[in-house]
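Summary of the model geometry
The chain contents come next:
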Amino acid sequence: LVFRWYAEVEQGEFRRAVFLGTPHQGSDLARLRGLLEAKQFLGDISLGFDSALQNAILDGRGQITFDLAPNSLFLSFLNRERPDLHRDRYAIHRGKALSSGRALVLKTSVDAARAALNRQLKKEQETLLMAFGATALDTLTVPPEIFDGDLCVTSDSALLSGVKSVETHSLSHTSLPRNDKVISLVVERLLANP
C-alpha cells in the first residue's frame, strides 16, 4: 500500500510491481491490534499468530488499525478512480488458505458450537453475565479472511481494479512471501522483458 501511494498518488517511477496478499480493500483483522497488544502485555498467552504478522500489526503508533480497516479514509483515498494509474504493470499473488471443503467444515463446526453453547446458556439461570454471553454468541462469526482468503486478507480484498495478472495460491498470508514457487514467479515477473 505504501508502494501504491508512491506510484499512484506521488506518480513515482517504476517498471513493474508485484503484490503478495496485499489488502487493497482492507482487512477486518487489522482490528486485532488491541488483542495483540494485550497479548504482549500479558506475556506468555499464545494466540497462535505468526510472529511476522504480530510485528506488522503492532508496528507504528496504531494507525494500521484505522488505515487497513475496510472503507477507511486512507483506503478510500487510495482506491478512488483517477487516470494514469498504470495498473497494467501490476501483478497480484493472493492466498486462499482453506479449500472450499475445509471452509465448509469449519463453518459447520462453528455453527454447531454456537448452537450447543446457545442451548447451554438457555439452561443456565438468567444473569447479566448469561445475557452478555448470549449477545456475544449471537455476534460470533468466523471472519471472511478465514473462509475465503489467506487467513488475513480476503480473496476479494487482494484484488485491485484494472489488474489483469492475478494468481491464487493455496497458501496462508505469511506463507506467500516464503513459498519457493511464489518467489520464482515474482522474480520471473520482475525480470521479464517489457
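Overview of the structure. (Residues numbered from 1 in each chain as written. Predicted model: local features only at pLDDT ≥ 70, side-chain atom pairs only at ≥ 80, totals over all residues. Heavy atoms only, no water.)

**Thoughts on the overall build of the protein**
Short version of the rule: Secondary structure is summarised from DSSP: a helix means a run of H or I of at least four residues, a strand means a run of E of at least two, and numbering begins at the N terminus for each. The classification of residues rests on relative accessible area computed with a 1.4 Å probe and restricted to protein chains. Under 20% of the type maximum is buried, over 50% is exposed, and intermediate values are partly exposed. Should any heavy atoms of two residues lie within 4.5 Å, those residues are counted as being in contact. Computed with a 1.4 Å probe, the accessible areas rest on the Shrake-Rupley method; for each residue, only the protein chains presented here act as cover.
Scanning the protein from terminus to terminus reveals 9 helices and 3 strands. Ordered by position in the sequence, the α and β elements of the protein form the string α-β-α-α-α-α-β-α-α-α-β-α. Residues classed as buried in the protein amount to 35% of the 194 residues present. Sequence-distant contacts in the protein: of pairs separated by 6 or more residues, those separated by 24 or more amount to 75%. Total accessible area on the protein is roughly 12,000 Å²; 57% of this is exposed by carbon and sulfur atoms.

**So, the nonpolar core**
This is how it is decided: By convention a nonpolar core is built from buried Ala, Val, Leu, Ile, Met, Phe, Trp, Tyr and Cys residues, the set being connected through side-chain atoms within 4.5 Å.
Within the largest apolar cluster, 8 residues are counted, these being Ala7, Phe14, Ala17, Phe19, Tyr90, Ile92, Leu160 and Val163. Leaving out residues up to four positions away in the same chain, Phe19 has contacts with Phe3, Arg4, His24, Tyr90, Ala91, Ile92 and His93.

**Considering the side chain of Asp150**
Heads up, the condition is: His is not counted, nor are the chain ends, whereas Lys and Arg count as positive and Asp and Glu as negative. Take a side-chain nitrogen of Lys or Arg and a carboxyl oxygen of Asp or Glu: if they are within 4 Å of each other, that pair is a salt bridge. In protein, a polar contact means a hydrogen-donor-capable atom and an acceptor-capable atom, both N or O and within 3.5 Å, with residues adjacent in sequence counting only if both atoms are side-chain atoms; elsewhere, any N or O pair within 3.5 Å suffices.
As for its placement among the helices and strands, Asp150 is situated in the loop between α8 (144-147) and β3 (165-169). Within the buried core, Asp150 has no salt-bridge partner, and the shortest N-O distance to an opposite charge, that of Arg94, equals 9.1 Å. In terms of polar contacts, Asp150 uses its side chain to reach the backbone amide nitrogen of Val153, at 2.6 Å. Look past the residues within four positions of Asp150 in its chain and what remains in contact with it is Gly21, Gly95, Lys96, Ala97, Glu145, Leu171, Ser172, His173 and Leu176.

**Side note on the pairing of strand β2 (residues 90-95)**
The test is simple: In this description, strands pair whenever DSSP reports at least two bridges between them.
Most of β2 is tucked away, with 6 of its 6 residues classed as buried. Neither face of β2 is exposed, since Tyr90, Ile92 and Arg94 on one face and Ala91, His93 and Gly95 on the opposite face are all buried. Bridging between strand β1 (residues 17-20) and β2 involves 4 bridges; their strand directions are parallel. Its bridge partner lying in β2, Val18 is registered against Ala91. Sheet analysis places β2 next to β3, joined by 5 bridges and oriented parallel. Counted as the bridge partner of Ala91 is Ser165 from β3.

**A few points about the pattern of salt bridges**
Summed over the entire model, instances satisfying the criterion amount to 4 salt bridges. As a salt-bridge pair, Arg87 and Glu8 come within 3.2 Å of each other at their nearest N and O atoms. Of this pair, Arg87 sits in the loop between α5 (73-78) and β2 while Glu8 sits in helix α1 (residues 2-9); the two residues are 79 residues apart in sequence, bridging distant segments of the chain. Between Asp148 and Lys96 there is a salt bridge whose closest N-O contact spans 2.6 Å. Placement of the pair is Asp148 in the loop between α8 and β3 and Lys96 in the loop between β2 and α6 (100-123), with a sequence separation of 52 residues. A residue is classified by how much of its surface remains accessible, and Lys96, at 25% relative accessible area, is partly exposed. Counted as one network, the salt bridges with shared partners bring together Arg4, Glu8, Arg82 and Arg87.

**Remarks on the packing of aromatic side chains**
Using the following cut-off: Side-chain rings of Phe, Tyr and Trp, where Trp is taken by its six-membered ring, are said to pair if the distance between their centres is within 6.5 Å; with planes under 30 degrees apart they count as stacked, over 60 as edge-to-face, and otherwise as tilted. Lysine and arginine charges are scored as sitting over a ring when NZ or CZ, respectively, is within 6 Å of the ring centre and within 35 degrees of the ring normal.
Tallied over the entire structure, the rule returns 8 aromatic pairs. Plain terms: the ring middles of Phe19 and Tyr90 are 4.9 Å apart, the flat faces sit at 80 degrees to each other, and that makes the pair edge-to-face. Taken together, the residues span a long stretch of sequence, with Phe19 in strand β1 and Tyr90 in strand β2 at a distance of 71 residues. In this structure, Phe19 and Tyr90 share a single accessibility class: buried. Taken together, the aromatic side chains of Phe3, Tyr6, Phe14, Phe19 and Tyr90 make up a single cluster linked through ring pairs. The ring of Phe77 has Arg80 lying over it, and the distance from NZ or CZ to the ring centre is 3.9 Å. The residue whose ring lies beneath Arg89 is Phe14, and the NZ or CZ to ring-centre distance is 5.0 Å.

**What about the side chain of Thr154?**
Mapped onto the elements of the fold, Thr154 is located in the loop between α8 and β3. At 3.0 Å, the side chain of Thr154 and the backbone nitrogen of Ser157 are in polar contact. Once you skip the residues sitting within four places of it in the chain, Thr154 turns out to touch Pro144, Glu145, Asp148 and Gly149.

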